[in-house]
Amino acid sequence: MAAAQKEIDEGLYSRQLYVFGHDAQRRMQQSSVLLIGLGGLGVEIAKNIILAGVKSVGLLDRTRSSTKHMGAQFYLSKSDEGKSRATSCRTQLAELNSYVNVHVVDTGTPSQLLSSKRYNVVVATETTVSDQVSWNELCRENGVKFISADIRGLLGSIFVDLGPKHQVCDKDGERPIRGLIDSVSAEYPAVVTVSPDRRHGLSSGDYITFDEIKGRKDLNGMPARPIKYISAFKFSIDIDMKGSPISGGYFQQVKQQQEVEFHPLKACISKPSFSSDMGDGKTLHCLFQALSKFQENNSGALPDPTSAAHIQSVVNLAEEFCVKILKEEGKKSIDTKHIAKLARCAGAVIGPMAAVIGGIAGQEVLKAVSGKFTPISQFYYFSAGKCIPDGIPSDLSQFRPTSDRYADYVSVFGSKVQTAITNLRVFLVGAGAIGCEMMKNFSMMGACSSKSGHLVVTDMDAIERSNLNRQFLFRPSDVGSLKSECAARAAKAINGDLNVTAHSHRVGAESENIYNGPFWTSLNAVVTALDNVDARLYLDDRCIFFSKPMLDSGTLGTKGNTQVVLPHITESYGSSRDPPEDSIPLCTLHNFPYKIEHTIQWARDKFEGLFKNKATEVNSYLTDSNYLSKLAEDPINETKALETVSLALGKEKPLNFENCITWARLRFEEEFHNNIIQLLTALPADQVDAEGNPFWTGHKRPPSPLKFDSENTDHIEFIIAAANLQAEMYGLRGSRDVKVVKDEVKKVKVEKFVAIKGKKVAKNDEELEKMMEEEADGVDFKLTSLKESLPKPSSLTGYRLIPVDFEKDDPTNFHIDFVTACSNLRAANYKIKPANKHQTKQIAGKIIPAIATTTALVSGLVCLELYKLVQDMKIESFSNTYANLAISHITASEPLPPAFNEVKLKDKTLKFSLWDRMEVRLGAKATLEELCDHFEEKYGLHIVMLSFGKALLFSKYGFMAKKKNKLRLKMSMPDLAETVGKVKIDRSASFLMFEAMVTTEDDEDVDIPSVRFWMN
């Protein structure tokens, strides 16, 4: 029985809530779905919507399980053969989310099921078009939304009918745009010009309102109105501004609810509208209708992959449909060759296709029940036809289905390709959300399952509760265990043939003794399932070094992308990168915040400084006898560090929790009152710059000090959180009792603050850096005084502070409480709209929004590319993809080839890319002198400098002694690398890599690739 789901479980759904929001999540939690068909696609959709947290899912499927179904249905096993698929997988589906009522529907007619009003959405899979029409008509009669989805080999289809008046509350899920206004013209309609430092990002038809406008206060908070795009920095709006030019203030985008009209399936079949980016919609529509007609004509059977007659029959039916129903010319309007190619394998259901279509269809179900994001309008077709060669082979026997779980894979790709898949040796880096999906797909495909096949997965992280919402191989009992080990165990349970080894090593320089030359040489492919760019770049470098393909993917909420990196064929991952995120200038953080992101980062920095860095600094002083001498080497930070230690072990050292409350109250006064008064003393409200312009204008917002009020929620929450964190750091017991804290706060004596006149304030980062350098000069007396004030470490033997490491996912530890209260108080100083704890947690914790549907989609796309890889297909067959499920958009592009350099040698031109090497096969005993001779004889190039890693082995330039060069020229290359590089050379490795600087016979410098020196 599912647990009650009255409130949103933020601990479980935290990453998903940053995609859907609380309102949409509540609507999902009140919705019930009837799912028809529990094959590979049906179970994928069920998994995704159960993880998302709908109220209930009814499973309607009277098909009996067979070995063939196990190829894509990951919750079926040998013991389920002959049993109802719905009954067999119900328990495992229910385990995905204890809040969701997962039940088998085994009684009632379709009319009875829908008239009961129990279900909000019907999802039909594995049904003919005529059955879909019948279900759709019943749904319309009963006000139930309808979605159908199916897989026919490498063709996927989805149809969506959400009724005549479906409400969309947010079309794309993007954060509403806010921007600074530079000016508004005195005309009708008014032309708004935004600040030149950032484009406005709006489109015609977007709605906005204004706030903080000067000169026309009636515009502030006005009802939202649409704009018309003029340029990247200008737009017009239907407001009469004649005679009243204004400046300053902000525009704020306001999302508008939209009503979308859908039409019934029966009407749409002959007049289809497509949302397809992955193939010719019209051709695929005709093919799908033809396949359904073929089923009706053949007692429900789909084409035999070995029958040319069946393939031709489908082609004929597609042409007939095109002519009679669409009223168009058959062969001229549709691609019959593509139809034949896909028709051959249309009877199969394979795991990667189920992941792709299940991800998209699952998202459509969530759109239907939540009103969030733009639904498909109304057909969506996906073709993975590039996974198989063009044309129909003369020998179709290679596609004859086997009697095992891989039957459908053989019917699509043939027995040779399936054998190649089982022989794969893959390194999967990451066992989180994408990693779990990859391992499930590998199990379904039979990848890495032969005697020579092997999957190595590594992930150093342990499972947290928030992972359970999308990392579907894990269960609550796994929390705290290693991801890689649990995922490997779960994947092995899906398919016992999988050969998998789980590691918990971080992939980087520190693990190169484990992931060494022999390991990399043994691999066929690297698949990434990572959440950071640095790790991807490292793997990219290793793949270039060892000439290995890398399949990369990533997600950000509803957005996902995949990239194929192929040795000598495509550019590398690192060849093109997104620009780095904008960093917040220090002066903006210190004195001039204007966005809530600024105050949250400021509060986050305060947390680190007050509760972690302070403790670390004190402990270093108490345990390191050389602490003061080391600190003296950093004069800019020396004074601040000594002040921190002096206060922490002196004036601010608490003896009890009451002392911690006092400290927190005084900290409030300093941060939100005194420092603001000091800033306004240095830069008063009427301050002007050198040109006489107002200083406090644009993004510079004049602050105002806060007066402490124990009845103000933010004020008292700051005191409670700060006092408890101070107590934790000093090993004292805290308290959550608000009354105790309020009573103690009243006892605190707060001295009246008098601002220091003439004290400078940095107006930009350059001034701040200069002031810090100036403060470091002439502080000898202060340093001496601080050092004398420190208690001797010997007097505090065994005494230590406890550094508090920031942990965003524990709601009881005061971490997010402190950052939220601290940030919102700072925001109140500067009249910035505050953020709640949920919003603050995302920004402070740098949380990446994530949902199961996008993860499933990208994993399926990557695994489809794996089939192209084992067939050695050309670059035009591969695809890099970008998806945004919020707007039902998936687009594919051909990977870019690598950039090439050209160098003219004595008798030829050397053309090379980042994948190429100067291959040297002289044997392990070859000396440096022989290597130099080899380059002169073969290429007419003189080696003038040679390095191995960071070690300089040889240089003809003056800074290296001639005697040293002479000795090294006689050493073998492995000995030279080992001796100078001070590393142990693995003599069993195939090769060593060197970097060489060379010149031509005319003494001209030329660039060449790295030198690969083969030792065997």
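Remember, predicted model here, so these are calculated numbers, not experimental data.

Thresholds applied
- Residues numbered from 1 in each chain as written.
- Predicted model: local features only at pLDDT ≥ 70, side-chain atom pairs only at ≥ 80, totals over all residues.
- Heavy atoms only, no water.
- Helix = DSSP H or I, 4+ residues; strand = E, 2+ residues; numbered from the N terminus.
- Buried < 20%, exposed > 50% of the residue type's maximum accessible area, 1.4 Å probe, protein only.
- Contact = heavy atoms within 4.5 Å.
- Pairing = 2+ DSSP bridges.
- Axes fitted to C-alpha atoms, helices over the stretch in contact; angles between N-to-C directions.
- Parallel < 35°, antiparallel > 145°, perpendicular 65-115°, else oblique.
- Left-handed = near helix turned anticlockwise from the far one by under 90°.
- Nonpolar A, V, L, I, M, F, W, Y, C, P; charged D, E, K, R; others polar.
- Arc of directions from axis to C-beta.
- Polar contact = N/O pair within 3.5 Å; in protein donor to acceptor, adjacent residues only side chain to side chain.
- Patch = residues over 30% accessible without salt bridge, like charges linked within 9 Å, V, L, I, M, F, W, Y side chains within 5 Å.
- Areas by Shrake-Rupley, 256 points an atom, 1.4 Å probe, with all protein chains shown as cover.
- Salt bridge = Lys/Arg side-chain N within 4 Å of Asp/Glu carboxyl O.
- Lys, Arg positive; Asp, Glu negative; His and termini not counted.
- Charge placed at Lys NZ, Arg CZ, Asp CG, Glu CD.
- Right-handed = clockwise from strand over helix to strand, strands pointing away.

Asker: Which residues make up the overall build of the protein chain, and what values do they have?
Answerer: If you tally the helices and strands in the protein chain, you get 33 helices and 31 strands. Dimensions along the principal axes, computed over C-alpha positions, put the protein chain at roughly 95 × 85 × 65 Å. The burial tally for the protein chain puts 54% of its 1016 residues in the buried class. A separation threshold of at least 6 residues defines the contact pool for the protein chain, and within that pool the share at least 24 residues apart is 73%.

Asker: So what about the sheet that holds strand E1 (residues 32-36)? Which residues, and what values?
Answerer: Pairing is mixed across the open sheet formed by seven strands, whose spatial order is E3-E2-E1-E4-E5-E6-E15. On the outer flanks of this sheet lie strand E3 (101-104) and strand E15 (379-383), each paired with one strand and no other. Strand-to-strand twist in this sheet, taken as the mean axis angle between neighbours without regard to direction, amounts to 15°. The pairing of strand E2 (residues 56-60) with E3 spans four bridges and is classified as parallel. If you follow Ser56 over to E3, its bridge partner there is Asn101. Against the sheet, helix H12 (residues 351-370) engages E1, strand E4 (121-124), strand E5 (145-152), strand E6 (155-161) and E15, with an angle of about 175° to E5.

Asker: Account for the packing of helix H8 (residues 281-297) against helix H9 (residues 308-324), with residues named and values stated.
Answerer: Each pair of packed helices can be described by the angle between their axes along with the distance between the axes. Following both chains from N to C, one finds H8 and H9 inclined at 120°, their axes separated by 8 Å at the closest point. What the angle tells us is that H8 and H9 run oblique. Of the two elements, H8 crosses H9, and the hand of that crossing is right-handed. Packed against H8, whose contacting residues are His285, Cys286, Leu287, Gln289, Ala290, Leu291, Lys293, Phe294 and Asn297, the element H9 presents His310, Ser313, Val314, Leu317, Ala318, Phe321 and Cys322 at the interface. Here the contact of H8 with H9 is built from residues that sort into 10 nonpolar, five polar and one charged.

Asker: Describe in detail helix H25 (residues 738-745), supporting the description with residues and values.
Answerer: Of all the residues in H25, the buried ones are Val741, Lys742, Glu744 and Val745. Projection of H25 onto a plane perpendicular to its axis shows the buried side chains occupying an angular sector of 165°, all on one side. The inward-facing, buried residues of H25 abut helix H23 (657-682) and helix H24 (713-729). Between the side-chain oxygen of the N-cap and the backbone nitrogen of Lys739 there are 3.0 Å, and the N-cap of H25 in question is Asp737.

Asker: Just give me the short version of unusual backbone geometry, but keep the residues and values in it.
Answerer: Here the bond from Tyr188 into Pro189 is cis, since omega is -10°, no more than 30 degrees from zero. The topology assignment puts Pro189 in the loop between strand E8 (178-184) and strand E9 (190-194). The backbone of Ser888 sits at a positive phi, close to 55°, despite the residue not being glycine. Tracing the backbone through its elements, the reader meets Ser888 in the loop between strand E22 (880-884) and strand E23 (889-893). The buried category is assigned to Ser888, whose relative accessible area is 10%.

Asker: I'd like to hear about a negative patch on the surface, residue by residue, with values.
Answerer: On the surface, Glu930, Asp933, Glu936, Glu937, Glu1001, Asp1002, Asp1003, Glu1004, Asp1005 and Asp1007 cluster together into a negatively charged patch. At four residues, the largest contribution of residues to the negative patch is made by helix H31 (residues 928-939). When you line up the elements, Glu937 lands in helix H31.

Asker: Describe the pairing of strand E17 (residues 454-458), naming the residues involved and giving the relevant values.
Answerer: Taking burial as the measure, the five residues of E17 include five buried ones, the bulk of the element. Taking every second residue as pointing to the same face, both faces of E17 are buried, with His454, Val456 and Thr458 on one and Leu455 and Val457 on the other. For E17 and strand E18 (residues 500-503), the ladder comprises four bridges, and the chain directions are parallel. When the sheet's bridge partners are listed, Thr458 is paired in E18 with His503. Handedness of the crossover is the feature at issue here: the chain leaves E17, passes through helix H16 (residues 483-494), returns alongside E18, and the resulting connection is right-handed.

Asker: Lay out the pattern of salt bridges with the relevant residues and their values.
Answerer: This structure, assessed with the given rule, holds 48 salt bridges. Of the charged contacts, one joins Glu212 and Arg701 as a salt bridge, the two residues approaching to 2.6 Å between their closest N and O atoms. A residue pair is termed long-range when its members are at least 10 positions apart, and Glu212 in the loop between strand E10 (207-211) and strand E11 (225-231) and Arg701 in the loop between H23 and H24 qualify at 489 residues. Residue Glu212 is classed as partly exposed on the basis of its relative accessible area, which comes to 36%. Residue classification places Arg701 among the buried residues on the basis of a relative accessible area of 7%. Arg536 is the partner of Asp552 in a salt bridge, and the nearest nitrogen-oxygen pair spans 2.7 Å. Here the residue Asp552 occupies a position in strand E20 (residues 550-556), and Arg536 occupies one in helix H18 (residues 533-546), the gap between them amounting to 16 residues. Arg536 shares its class with Asp552; the two are buried. Bridged by salt links that share partners, the residues Glu44, Lys47, Glu437 and Lys440 form one connected network.

These values are about where atoms sit, not about what they do.
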